[in-house]
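Next come the chains, spelled out residue by residue.
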Amino acid sequence: MSAAEIDRTLQRLAHQIVEKSGGTRSLALIGIRRRGVPLAQLIARAMRGIDGVDVPVGTLDITLYRDDLSMRGTPVIRGTDIPFSIKDKTVILVDDVLFTGRTIRAALDAIIDLGRPTAIQLACLIDRGHRELPIRPDYVGKNLPTSRRESVAVRLREHDGEDRVVIEEPEEA
């Protein structure tokens, strides 16, 4: 995906979320660190253009909720920043790539520890399949079938200096 395709996709996701939710008044977006955060901010900006409302955006660090923590070495905790109550909100959890579902499972645990929202929905830029858990997104930017050996790299200006999505082939040994 090019930068223009990413922008169009995020605009479409924003419209779908606003339409399904009947507006933005009870919504909150929470981006999963790292690339889910700028995606949530971009979706919120698009929603402001649609509905004229500033939807609150938070940042969720799931590091300590991961089920593979023991396999990753020393964890780097970047912090959660959700400066609003999630009570009585429909939380839209935002991530860049949905793969096995394990990141989302960890994110759900983390959100529930923060309170009880009315509902939690999932928006992802890319759904590449290969689920290991029964997790399904409510909003998908693009379904991108891949092999398990391939990886999907979402590159965003905030972290990588460019907006682009690419499929990366595994390096041969």
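Residues numbered from 1 in each chain as written. Predicted model: local features only at pLDDT ≥ 70, side-chain atom pairs only at ≥ 80, totals over all residues. Heavy atoms only, no water.

Student: Which residues make up helix H2 (residues 36-51), and what values do they have?
Tutor: Here H2 spans 22 Å end to end across 16 residues, near enough to the 22 Å set by a 1.5 Å rise per residue. For H2, the set of buried residues is Gly 36, Val 37, Pro 38, Leu 39, Ala 40, Ile 43, Ala 44, Ala 46 and Met 47. At its buried positions, H2 is contacted by helix H1 (3-21), strand S1 (27-32), strand S2 (57-60), strand S3 (90-98), strand S4 (119-127) and helix H4 (157-160). The positive-phi residue at the C-terminal boundary of H2 is Gly 52, with phi of around 75°. (Helix = DSSP H or I, 4+ residues; strand = E, 2+ residues; numbered from the N terminus. Expected span 1.5 Å × (residues − 1). Buried < 20%, exposed > 50% of the residue type's maximum accessible area, 1.4 Å probe, protein only. Contact = heavy atoms within 4.5 Å.)

Student: Now, about the side chain of Asp 127: what can you tell me, with residues and values included?
Tutor: Inspection of the secondary structure assignment puts Asp 127 in strand S4. Using a relative accessible area of 9% as the deciding quantity, one classes Asp 127 as buried. Engagement of the side chain of Asp 127 in a polar contact is seen with the backbone nitrogen of Gly 129, the distance being 3.0 Å. There is a polar contact of 2.9 Å between the side chain of Asp 127 and the side chain of Arg 131. Once residues within four sequence positions are removed from consideration, Asp 127 is found in contact with Leu 98, Pro 137, Val 140, Lys 142, Asn 143 and Leu 144. (Polar contact = N/O pair within 3.5 Å; in protein donor to acceptor, adjacent residues only side chain to side chain.)

Student: Report on the pattern of salt bridges, specifying residues and quantitative values.
Tutor: Summed over all chains, the structure comprises 12 salt bridges. The structure contains a network of salt bridges with shared partners spanning Arg 155, Glu 162, Arg 164 and Glu 168. (Salt bridge = Lys/Arg side-chain N within 4 Å of Asp/Glu carboxyl O.)

Student: Quick rundown of the packing of aromatic side chains? Include the residues and the values.
Tutor: Taken as a whole and assessed by the stated rule, the structure comprises zero aromatic pairs. Here the basic side chain of Arg 128 rests over the ring of Phe 99, its NZ or CZ set 3.9 Å away from the ring centre. (Phe/Tyr/Trp six-rings, centres within 6.5 Å; stacked < 30°, edge-to-face > 60°. Lys NZ or Arg CZ within 6 Å of the ring centre and 35° of its normal.)

Student: Account for the nonpolar core, naming residues and giving values.
Tutor: Leu 29, Ile 43, Met 47, Ile 126 and Val 165 are the most contacted members of the largest nonpolar core, which totals 28 residues. Mapped by element, the contributors of at least two residues to this core are H1, S1, H2, S3, S4 and strand S6 (151-155). Residues contacting Ile 43, with those up to four places away along its chain left out, are Leu 10, Leu 13, Ala 14, Ile 17, Leu 29 and Val 94. Of all hydrophobic cores here, the second largest spans 19 residues; its members include Ile 32, Phe 84, Val 91 and Leu 122. (Core = buried A, V, L, I, M, F, W, Y, C linked by side-chain atoms within 4.5 Å.)

Student: Explain the environment of Ser 26 to me, using residue names and the numbers behind them.
Tutor: Tracing the chain through its elements places Ser 26 in the loop between H1 and S1. In this structure Ser 26 comes out as partly exposed when scored by relative accessible area, which is 36%. For the pair Ser 26 and Ile 167, spaced 141 residues apart in the sequence, the C-alpha separation amounts to 36 Å. Residues within four places of Ser 26 in sequence aside, it is in contact with Asp 88, Lys 89 and Thr 90.

Student: Any chance you could break down unusual backbone geometry for me, citing the residues and the numbers?
Tutor: Residue Arg 34 is reached from Arg 33 by a cis peptide bond, and omega for that bond is 15°. By the secondary structure assignment, Arg 34 is in the loop between S1 and H2. Phi at Asp 88 takes a positive value of approximately 65°, unusual for a residue other than glycine. You can see Asp 88 is positioned in the loop between S2 and S3. Among the residues examined, Asp 88 registers a relative accessible area of 52% and is labelled exposed.

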